[in-house]
Amino acid sequence: SHSQSPEVEGAAGHGLQEQGRLVQKAELVRLSQTLSLVPRLHWLLVEDAEGPTPLVSRLLAASGLLFTHLAVLTPKAQRLREGEPGWVRPRGVEQRNRALDWLRSGGGAVGGEKDPPPAGTRGVVYFADDDNTYSRELFEEMRWTRGVSVWPVGLVGGLRFEGPRVQDGRVVGFHTAWEPNRPFPVDMAGFAVALPLLLAKPSAQFDATAPRGHLESSLLSHLVDPKDLEPRAANCTRVLVWHTRTEKPKMKQEEQLQRQGRGSDPAVEV
Amino acid sequence: MKSVLFSRFFILLPWILIVIIMLDVDTRRPAPPLTPRPYFSPYVVGRGGARLPLRRGGPDSSPGRGWQKRNESRPQARPRPEPPLPTIYAITPTYSRPVQKAELTRLANTFRQVAQLHWILVEDAAARSELVSRFLARAGLPSTHLHVPTPRRYKRPGLPRATEQRNAGLAWLRQRHQYQRAQPGVLFFADDDNTYSLELFQEMRTTRKVSVWPVGLVGGRRYERPLVENGKVVGWYTGWRADRPFAIDMAGFAVSLQVILSNPKAVFKRRGSQPGMQESDFLKQITTVEELEPKASNCTKVLVWHTRTEKVNLANEPKYRLDTVKIEV
């Protein structure tokens, strides 16, 4: 009979400098509201920073969720330069790998639960970027993953949705238009990995030097063959997660005021 | 002997049957109440399956809120009978575009966690769409599904949007309460791409007439807010046209139901309104700056953000549907 399995999840908060990422708090607020609806969820929030920031620490404490707070700074060589479009360098790599490290060997948590789940814990790991939109149903679909499970992702890759093609309960191909020859043409939001599998393959992690779009494949190719992917979401016919992106807010007025020395009170947290 | 027993049995049988039927009638549960039971359970499952009180409230929430404290001190007891919470009515105009379902999903994920919230969803459409109808059926909160199409001549860039839809929400509330004394209620205009913290709802619930608070990431600034002195609004910290009578964003105020019902002609206007004046033109029909109730610690906390979602890139979609299945996004 099934006992409830805990679900462990990693969220890579791409927290750049406060000014550069003004939507961070809003994104984390609405993400935490969605996560609050999911039973047996453990939120691993990894900041792109040297240490925990007060904003994120406070938010986590107020969320009422079970969480672990981690932080690791993206090395300079990997950072986006001023004016570079977001897709030029893979983002969140060090942060996701930090979460995997913590799950495997613990240590280094800067807030929340310090100890990783004990060996033998049944769980599943999902990489939940903070600007995507997740339905509650998605988490129940992934919960009973044995190896790696997959499902469609809405609004990604220049399509209404990208997703695996399924026949007789097996993944036989992928509906995708962008770089279809990737070994795993799935978005970060489109798969989850069983915790025991990640622990059994301790060297499986994301490769920061992977070519554009191959980040997911750089992890998954350590873990599973495409034919062994477990299709979810009614044989991959339902979209339960969307690759939404939030506009960078226009700060023209703010910049003007700051030049005049009259910027908005920084003590008011946004 | 046998025949006596048989005849006794058959004489008794109808009486036994009658007794059984009467017992069944008595123990049947009373008919369900006419008012819907609250959808919202005050508890969510938190860590390790334990039941946590909902919204213990972080540093941003003010202490001493009656209903919240009650949940904290007696998490397992049934709540004392108390005056019902004022219902919060969220009027959300929505229109069909690729991110619509995603936006409504995350909004519903927020609203489900607010006690006594009634969602009024108004589609910019000539008829209720299947997508929204199906969505609301599973959304897990009390809702009303309306629709009204925007006349084409009003769909030009630069013209105010969602006017007809917000007015439809107001009309529904007025019509619903025309023959009965309204329970206390508060309404606000919840655009579907904004982000709302749960604390915001605690703040707006005590609105007596019209309440106001800061909005993040709007007007080209980190935030806009009413300026408050001695508990009264005295001005506006805003990025655009601070000379407006009410220089505030749609996400920055709430109105008590009573005020809406007492001002039956107050609507969002098309004729004679300039772009950017929607909020101001509406509020001046129902209140004065003097009457405004500042919330969020005298308007110094940002509890709502004017987030905007990027337009989706569908460059790789074929012109004509090629796939063999029809998948809703």
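Residues numbered from 1 in each chain as written. Chains lettered and ligands numbered in written order. Predicted model: local features only at pLDDT ≥ 70, side-chain atom pairs only at ≥ 80, totals over all residues. Heavy atoms only, no water.

Visitor: When you look at the overall build of chain A in this model, what are you seeing that I'm missing?
Guide: Helix and strand content of chain A: 8 helices and 13 strands. Evaluated residue by residue, chain A yields a buried proportion of 56% over its 270 residues. Across chain A, the fraction of contacts at a sequence separation of at least 24, relative to all contacts at a separation of at least 6, is 73%. For chain A, the computed accessible surface area is about 11,400 Å², with 49% contributed by carbon and sulfur atoms. (Helix = DSSP H or I, 4+ residues; strand = E, 2+ residues; numbered from the N terminus. Buried < 20%, exposed > 50% of the residue type's maximum accessible area, 1.4 Å probe, protein only. Contact = heavy atoms within 4.5 Å. Areas by Shrake-Rupley, 256 points an atom, 1.4 Å probe, with all protein chains shown as cover.)

Visitor: Looking at this structure, how should I read the overall build of chain B?
Guide: In terms of regular secondary structure, chain B is built from 9 helices and 14 strands. The proportion of buried residues among the 329 residues of chain B is 48%. For chain B, the exposed surface amounts to about 18,200 Å²; the carbon and sulfur share of it is 56%.

Visitor: When you look at the interface of chain A and chain B in this model, what are you seeing that I'm missing?
Guide: It is common to give the size of an interface as the accessible area that goes away when the parts come together. Counting from both sides, the interface comprises 60 residues of chain A and, opposite them, 54 residues of chain B. Looking at the side of chain A facing chain B, the largest losses of area belong to Arg30, Gln33 and Arg160 of chain A, adding up to 13% of the total buried there. Run the count over chain A and chain B and you get 3 salt bridges. Taking the shortest distance from any N to any O, the salt bridge between Glu247 of chain A and Arg308 of chain B comes out at 3.4 Å. The element that contributes the greatest number of residues to the side of chain A that touches chain B is helix α1 (residues 24–35) of chain A, accounting for 6 residues. Class assignment for the residues of the side of chain A that touches chain B results in 24 nonpolar, 18 polar and 18 charged. (Buried area = accessible area lost by both parts, 1.4 Å probe. Salt bridge = Lys/Arg side-chain N within 4 Å of Asp/Glu carboxyl O. Nonpolar A, V, L, I, M, F, W, Y, C, P; charged D, E, K, R; others polar.)

Visitor: Would you mind showing me how to read the UniProt feature "glycosylation site" (unreviewed entry) in chain A here?
Guide: Residue and element names in this part refer to chain A. Following the UniProt record, one finds the feature "glycosylation site" (unreviewed entry) at Asn235. Among the structural elements, Asn235 can be located in helix α7 (residues 233–236). The class for Asn235 is partly exposed, based on a relative accessible area of 43%. What Asn235 contacts, discounting residues up to four positions off in sequence, is Val166 and Gly169. (UniProt positions renumbered as here; feature names shortened; annotations may be inferred.)

Visitor: Would you mind showing me how to read the UniProt feature "site: Interaction with galactose moiety of substrate glycoprotein" (unreviewed entry) in chain A here?
Guide: Per the UniProt entry, the sites bearing "site: Interaction with galactose moiety of substrate glycoprotein" (unreviewed entry) are Glu162 and Gln253 of chain A in this numbering. A maximum C-alpha distance of 38.4 Å is found for the annotated residues, which run over 92 residues; spatially they are spread out rather than grouped. Take Glu162 of chain A: it is sitting in strand β9 (residues 161–167). Residue classification places Glu162 of chain A among the buried positions, given a relative accessible area of 5%. Excluding residues within four positions of it along the chain, Glu162 of chain A makes contact with Pro152, Val153, Val156, Gly157, His175, Thr176, Arg182, Pro185 and Asp187 of chain A. Here the side chain of Glu162 of chain A touches Thr176 of chain A through a polar contact of 2.9 Å, side chain to side chain. Here Gln253 of chain A shows up in helix α8 (residues 252–259). Those residues in contact with Gln253 of chain A that lie beyond four places of it in its chain are Gly219, Gly220, Arg221 and Gly239 of chain B. (Polar contact = N/O pair within 3.5 Å; in protein donor to acceptor, adjacent residues only side chain to side chain.)

Visitor: Hey, could you run me through the pairing of strand β3 (residues 66–71) of chain A in this one?
Guide: Sheet faces and side chains relate simply in a regular strand, where the side chains alternate between the two faces. All names here are of chain A. In terms of burial, β3 is a largely internal element, 6 of the 6 residues being buried. Of the two faces of β3, the one carrying Leu66, Thr68 and Leu70 and the one carrying Phe67, His69 and Ala71 are both buried. As defined by bridge partners, strand β2 (residues 41–47) adjoins β3 across 6 bridges and the pair is classed as parallel. What sits directly across from Val46, in β3, is Leu70. Traced from β2 through helix α2 (residues 54–63) to β3, the parallel crossover comes out right-handed. (Pairing = 2+ DSSP bridges. Right-handed = clockwise from strand over helix to strand, strands pointing away.)

Visitor: Would you explain the pattern of salt bridges in this entry?
Guide: Two side chains that carry opposite charge are able to pair once their charged atoms sit near each other. All names here are of chain A. For the structure on display, the rule yields 19 salt bridges over all chains. Taking the shortest distance from any N to any O, the salt bridge between Arg30 and Glu27 comes out at 3.2 Å. Placement of the pair is Arg30 and Glu27 together in helix α1, with a separation of 3 residues, close to one helical turn. On the basis of relative accessible area, Arg30 is assigned to the buried category, the value being 6%. Residues participating in the shared-partner salt-bridge network are Arg170, Lys227 and Asp228.

Visitor: Would you mind going over the nonpolar core with me for this structure?
Guide: Where a protein is soluble and globular, its nonpolar side chains tend to be buried together. Residues and elements named next belong to chain A. Counting 41 residues, the largest nonpolar core has Trp43 and Tyr126 as the members making the most contacts within it. Looking at this core, the elements that each hand over two or more residues are α1, β2, α2, β5 (124–127) and α4 (136–142). Of all the elements, α1 adds the most residues to this core, at 5 residues. With 33 residues, the next largest nonpolar core counts Trp102, Ala194, Ala204 and Leu229 among its residues. (Core = buried A, V, L, I, M, F, W, Y, C linked by side-chain atoms within 4.5 Å.)

Visitor: Got a minute to help me understand the UniProt feature "binding site: UDP-alpha-D-glucuronate" (unreviewed entry) in chain B in this structure?
Guide: Residue and element names in this part refer to chain B. Mapped onto this numbering, the UniProt entry annotates "binding site: UDP-alpha-D-glucuronate" (unreviewed entry) at Pro93, Thr94, Tyr95, Asp124, Arg161, Arg166, Asp191, Asp192, Asp193, His306, Thr307 and Arg308. Along the polypeptide, Asp191 turns up in the loop between β6 (185–189) and β7 (195–196). Judged by relative accessible area, which is 17%, Asp191 ranks as buried. Residues contacting Asp191, with those up to four places away along its chain left out, are Pro93, Leu107, Arg166, Tyr196 and Met250. Side-chain polar atoms of Asp191 contact the side chain of Arg166, separated by 3.2 Å. Considering the arrangement of structural elements, one finds Asp192 in the loop between β6 and β7.

Visitor: Would you explain the pairing of strand β10 (residues 170–175) of chain A in this entry?
Guide: Residues and elements named next belong to chain A. As defined by bridge partners, β9 adjoins β10 across 5 bridges and the pair is classed as antiparallel. When the sheet's bridge partners are listed, Gly163 is paired in β10 with His175. Between the antiparallel neighbours β9 and β10 lie 2 residues, among them Asp168 with a positive phi of about 50°.

Visitor: For this particular structure, what's the right way to read the sheet that holds strand β5 (residues 143–147) of chain B?
Guide: Residues and elements named next belong to chain B. Spatial strand order, β5-β4-β3-β6-β12-β8-β13: 7 strands in an open sheet with mixed pairing. Every interior strand has two partners, whereas the edge strands, β5 and β13 (293–294), have only one. Two strands pair when backbone bridges link them, and β6 and strand β12 (residues 253–256) are joined in this way by 3 bridges, in the antiparallel orientation. Bridging across to β12, Val186 finds its partner in Ser256.

Visitor: Can you walk me through unusual backbone geometry in this structure?
Guide: A negative phi angle characterises most non-glycine residues, just as the trans form characterises most peptide bonds. All names here are of chain B. Here Gln116, not a glycine, exhibits a phi torsion of approximately 50°, which is positive. Its place among the elements puts Gln116 in the loop between α3 (100–111) and β4 (117–123). The class for Gln116 is partly exposed, based on a relative accessible area of 31%. For Ala162, which is not glycine, the phi dihedral falls at a positive 70°. Along the chain, Ala162 turns up in the loop between β5 and α5 (163–176).

Visitor: What should I look at first to understand the confidence of the model for chain A in this one?
Guide: One rule of thumb: low pLDDT means the predicted coordinates there are not for detailed reading. All names here are of chain A. In the predicted model, chain A carries a mean pLDDT of 87, and 89% of its residues have values of at least 70. Predicted confidence is poor over residues 1–6, with pLDDT under 50, and the contacts of this stretch with residues over four places away or in other chains come to 14 contacts. A low-confidence stretch, residues 11–20 stays under pLDDT 50, and its non-local contacts, those more than four residues away or across chains, total 32 contacts. (pLDDT = per-residue confidence, 0-100.)

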